[in-house]
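What follows is the residue order along each chain.
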Amino acid sequence: GEGLPSETLDIPEVGSLVQDYISYIAYCLADPFFNLLTTAEGEKLSLAGEGQRQLLRRPTVHKYVFNMLLAAPLIKPNERKALAIEERFTAAREKYYQKLGADGVLILPTSGALAMKHGKAAATVLRPGVPGVFTPTLFINILNLSAISIPSWYDIDRKTGLVPGLMLACRPGSEGVLLNAAARLESLI
């Protein structure tokens, strides 16, 4: 195709940003956010009551959400650390928005694995350490980038028949460039 300028982007802090993201989610799930959660009947969600409903197999929330709510107070950073995480996110956004510019498009795998059975993705992301399989998607979320995933039909997994995806992302406000690049790439793969 037409020779567009390309550059390999080194992202050395991706692992620490993803780890920060998980800590920040725990911070958000703890107190103020948890107090907003209600059951389908409009009652305030109680961890003890939900624990009982989980055991009786009549849950109000998915078991992985419940596990996250249980773990959040144990792993959440204090307010000072949470503010430092927010500052690192802001600095990373500024850095990568500048690198992408108004017409840059980042190309990543959508995920580090083929599609998983229902519920397995949530269980995987809760494992300790950096959940590398989700790093591309989490990185895009951390940076608040607009993104689209395109199936790579030429790379179908022969064993499962599943199709991997390529994710294209741009900084906010450049979605027109993103959609044009996605349409062009989709016609090639």
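Counting from 1, residues in each chain are numbered in the order their sequence is written. Residues qualify for local features only when their pLDDT is at least 70, as the model is predicted, and side-chain atom pairs are given and counted only at 80 or more; totals for whole chains, interfaces and linings, by contrast, use all residues. Only heavy atoms go into the side-chain values, all of them from the structure, while hydrogens and water stay out.

Asker: Describe the overall build of the protein, listing the residues and the values that go with them.
Answerer: Regarding its fold elements, the protein presents eight helices and three strands. Note on contacts: a residue pair qualifies if any of its non-hydrogen atoms lie within 4.5 Å across the two residues. Summarising the internal contacts of the protein: among those between residues at least 6 apart in sequence, 65% fall at separations of at least 24. Where accessible areas are quoted, they stem from the Shrake-Rupley method and a 1.4 Å probe; at the residue level, only the protein chains shown are allowed to cover. Here the protein has roughly 12,100 Å² of accessible surface; of this, 57% comes from carbon and sulfur atoms. The helix and strand labels rest on DSSP assignments: H or I over at least four residues marks a helix, E over at least two residues marks a strand, and numbering proceeds from the N terminus.

Asker: Give me the packing of helix α1 (residues 14–29) against helix α5 (residues 79–100): which residues, what numbers.
Answerer: At a minimum axis distance of 10 Å, the contact between α1 and α5 shows a crossing angle of 135°. Considering the angle they form, α1 stands oblique to α5. The hand of the α1/α5 crossing is left-handed. The residues of α5 that touch α1, namely those facing L17, D20, Y21, S23, Y24 and Y27, are E79, A82, I85, E86, R88, F89 and A92. In this description, a line fitted to the C-alpha atoms serves as the axis of each element, helices being fitted only across the stretch in contact, and the angle between N-to-C directions of two axes falls anywhere from 0 to 180 degrees. Should an angle lie under 35 degrees it is considered roughly parallel, over 145 roughly antiparallel, and from 65 to 115 roughly perpendicular; all remaining angles are considered oblique. Crossing chirality is assigned from the near helix's rotation relative to the far helix, an anticlockwise turn below a right angle marking it left-handed and a clockwise turn marking it right-handed.

Asker: How would you sum up the nonpolar core? Please name residues and give values.
Answerer: Residues L106, F139, I140 and L145 are the most contacted members of the largest nonpolar core, which totals 20 residues. Sorting the residues of this core by element identifies α1, α5, β1 (106–109), α7 (135–143) and β3 (165–170) as the ones contributing at least two each. Among the elements that make up this core, the one with the highest residue count is α5 (six residues). Apart from the residues within four sequence positions on either side, L145 is in contact with Y97, L100, L106, I140, A169, C170 and R171. The term nonpolar core refers to a set of buried residues drawn from Ala, Val, Leu, Ile, Met, Phe, Trp, Tyr and Cys, joined through side-chain atoms within 4.5 Å. Partly exposed describes any residue whose relative accessible area lies between the buried limit of under 20% and the exposed limit of over 50%, with all areas from a 1.4 Å probe on protein chains only and scaled to the type maximum.

Asker: Which residues make up α7, and what values do they have?
Answerer: Within α7, seven of the nine residues are buried, which leaves it mostly tucked inside the rest of the structure. Among all positions in α7, only T135, P136, L138, F139, I140, I142 and L143 are buried. Buried residues along α7 sit against α1, α5, β1, β2 (146–151) and β3. Positive backbone phi, at 55°, marks N144, one or two positions downstream of α7.

Asker: Explain the pattern of salt bridges to me, and be specific about the residues and the numbers.
Answerer: What counts as a salt bridge is simple: a side-chain nitrogen of Lys or Arg found within 4 Å of a carboxyl oxygen of Asp or Glu. Inspection of the entire model under this criterion finds three salt bridges. Salt-bridge contacts for R88 lead to D20; the nearest nitrogen and oxygen are separated by 2.7 Å. On the criterion of sequence distance, the pair formed by R88 in helix α5 and D20 in helix α1 is long-range, its members being 68 residues apart. R53 is paired through a salt bridge with E50; the nearest N and O atoms lie 3.2 Å apart. With a gap of three residues between them, R53 and E50 both fall in helix α3 (residues 47–55), about one helical turn apart. According to the relative accessible area criterion, R53 is partly exposed, its value standing at 25%.

Asker: Which residues make up the packing of α5 against α7, and what are the values?
Answerer: Between α5 and α7, the least distance of the axes is 9 Å, while the angle of their chain directions is 95°. In this view, α5 runs roughly perpendicular relative to α7, as classed from their interaxial angle. Across the interface between the two elements, F89, A92, R93, Y96 and Y97 of α5 pack against F139, I142 and L143 of α7. Class assignment of the residues belonging to the contact of α5 with α7 gives a composition of seven nonpolar, no polar and one charged. Residues are grouped as follows: nonpolar covers Ala, Val, Leu, Ile, Met, Phe, Trp, Tyr, Cys and Pro; charged covers Asp, Glu, Lys and Arg; every other residue, Gly included, is treated as polar.

Spatial relationships are all this shows, so hold off on functional conclusions.
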